Amino acid sequence: MSDMENLIDGRRIAATIHDETAVRVAQLKDKGITPGLIFIRVGEDPASKVYVGMKERKSQELGIASSTQVLDEQTSQDQLLAIIRQHNADPSIHGILVQAPLPNHIDETVIYSAVDPAKDVDGFHPVNVGKLMLHQPGGFLPCTPAGVHELLIRSNIKLEGAEVVVLGRGNIVGKPMAAILIQKAEHANATVTVCHSRSRDIVEHCRRADVIIAALGVPQFVKADMVKEGAVIMDVGVNRIPDPSAKSGSRLVGDVDFETVQPKAGAITPNPGGVGPMTIAMLMKNTVLAAEQQSR
Ligand code: GUN
């Protein structure tokens, strides 16, 4: 396939989900409830600034009351914990998002464990991670893997019995992605192989895959010779690489070598415009779910 008919349009699918979320926001407002979301950003990581800015803008478009608390790079772990406890106790705030990465002197595990699980719209609290693993209802799914799953479902990709290779084993994407797809459930039941930096024969695993989900953070790692004809390729990566021809001297690329892989793929996410918009869509959906659950 050489034209662009195999593109999975994440922006279009995200827009559909935002429409669904807007209906739920309106229903909450009819009951006198405005969903509230607080973003906490520690330090001045440029990518985090961009991501939090995009999330805040979209939440405000949807009528979610959101704001960003920017903390100094030197903020101590105890100070951050105290701030999280204040937001946990504030009934006007339904969702709390502490943007990763955090400075090295702060332990992310401690921070994510301090967020009230009922307000954990990131799905990072151990209780929500546990609910995912046990397939228990009422938890929050991490936004990026949930977004990839939703893209697969809404693109009618068959997952039952499919060979899925997840590249990357991080807590934010790889691990929860595998957990979602192995569930004994509709739109899951896949055979999942998780590959990582110590894996042998990654190329061989990829060549067998019906679906490859690339979330390892290596620019253009997935090449055409690693991809079976007709395979579905989901690119989670966001990597900045030097590009002397660009005005800024650099450009963003995914974990997939899109130019060469796209002609071989049955379906593929563009990057940008694939997975990224879905992360935001799932965050908005989680926030509305949090507000609904807290107002019962
Ligand atoms: N950093 C990269 N992805 C994420 C995410 O989904 N949530 C948070 N809080 N930080 C991130």
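How each quantity is defined
- Residues numbered from 1 in each chain as written.
- Predicted model: local features only at pLDDT ≥ 70, side-chain atom pairs only at ≥ 80, totals over all residues.
- Heavy atoms only, no water.
- 1 Å grid on protein atoms, 1.4 Å probe; cavity = no way out; pocket = protein on both sides within 12 Å on 5 of 7 lines; lining within 4 Å.
- Points joined across faces, edges and corners; volume = space filled by probe spheres on them.
- Helix = DSSP H or I, 4+ residues; strand = E, 2+ residues; numbered from the N terminus.
- Nonpolar A, V, L, I, M, F, W, Y, C, P; charged D, E, K, R; others polar.
- Pairing = 2+ DSSP bridges.
- Axes fitted to C-alpha atoms, helices over the stretch in contact; angles between N-to-C directions.
- Contact = heavy atoms within 4.5 Å.
- Core = buried A, V, L, I, M, F, W, Y, C linked by side-chain atoms within 4.5 Å.
- Buried < 20%, exposed > 50% of the residue type's maximum accessible area, 1.4 Å probe, protein only.

Draft legend 1. Looking closely at the layout of surface pockets. Reported here for the second largest pocket is a volume of approximately 500 Å³. Along the wall of the second largest pocket there are 22 residues; nearest its centre are Gly139, Phe140, Leu141, Ala146 and Lys285. Going through the elements one at a time, helix H5 (126–134), helix H6 (143–154) and helix H10 (275–294) are the ones with two or more residues in the lining of the second largest pocket. Broken down by element, the residue count for the lining of the second largest pocket peaks at five residues, all from H10. Taken together, the residues of the lining of the second largest pocket break down into nine nonpolar, nine polar and four charged.

Draft legend 2. Representation of the sheet that holds strand E1 (residues 36–42). Spatial ordering of the open sheet is given by E2-E1-E3, a layout of three strands whose pairing is parallel. Across the chains shown, the open sheet's two edge strands, defined by having one partner strand only, are strand E2 (65–71) and strand E3 (95–98). With direction set aside, neighbouring strand axes in the sheet form an average angle of 15°. In this sheet, E3 lies alongside E1 in parallel orientation, the contact comprising four bridges. If you follow Ile38 over to E3, its bridge partner there is Ile96. Helix-sheet contacts for helix H2 (residues 46–61) involve E1, E2 and E3, and the interaxial angle to E1 is about 170°.

Draft legend 3. Just the nonpolar core, in detail. Among the nonpolar cores identified, the biggest contains 48 residues, and Leu152, Val164, Leu181, Ile213 and Met234 are the most heavily contacted of them. Elements represented by at least two residues in this core include exactly helix H1 (10–30), E1, H6, strand E4 (163–167), helix H7 (174–182), strand E6 (211–214), strand E7 (232–235) and H10. With ten residues, H10 is the largest single contributor of residues to this core. The residues contacting Leu152, other than those within four sequence positions of it, are Ile157, Leu159, Leu181, Val211, Ile213, Val232 and Met234. Of all hydrophobic cores here, the second largest spans 18 residues; its members include Leu71, Leu80, Ile83 and Ile111.

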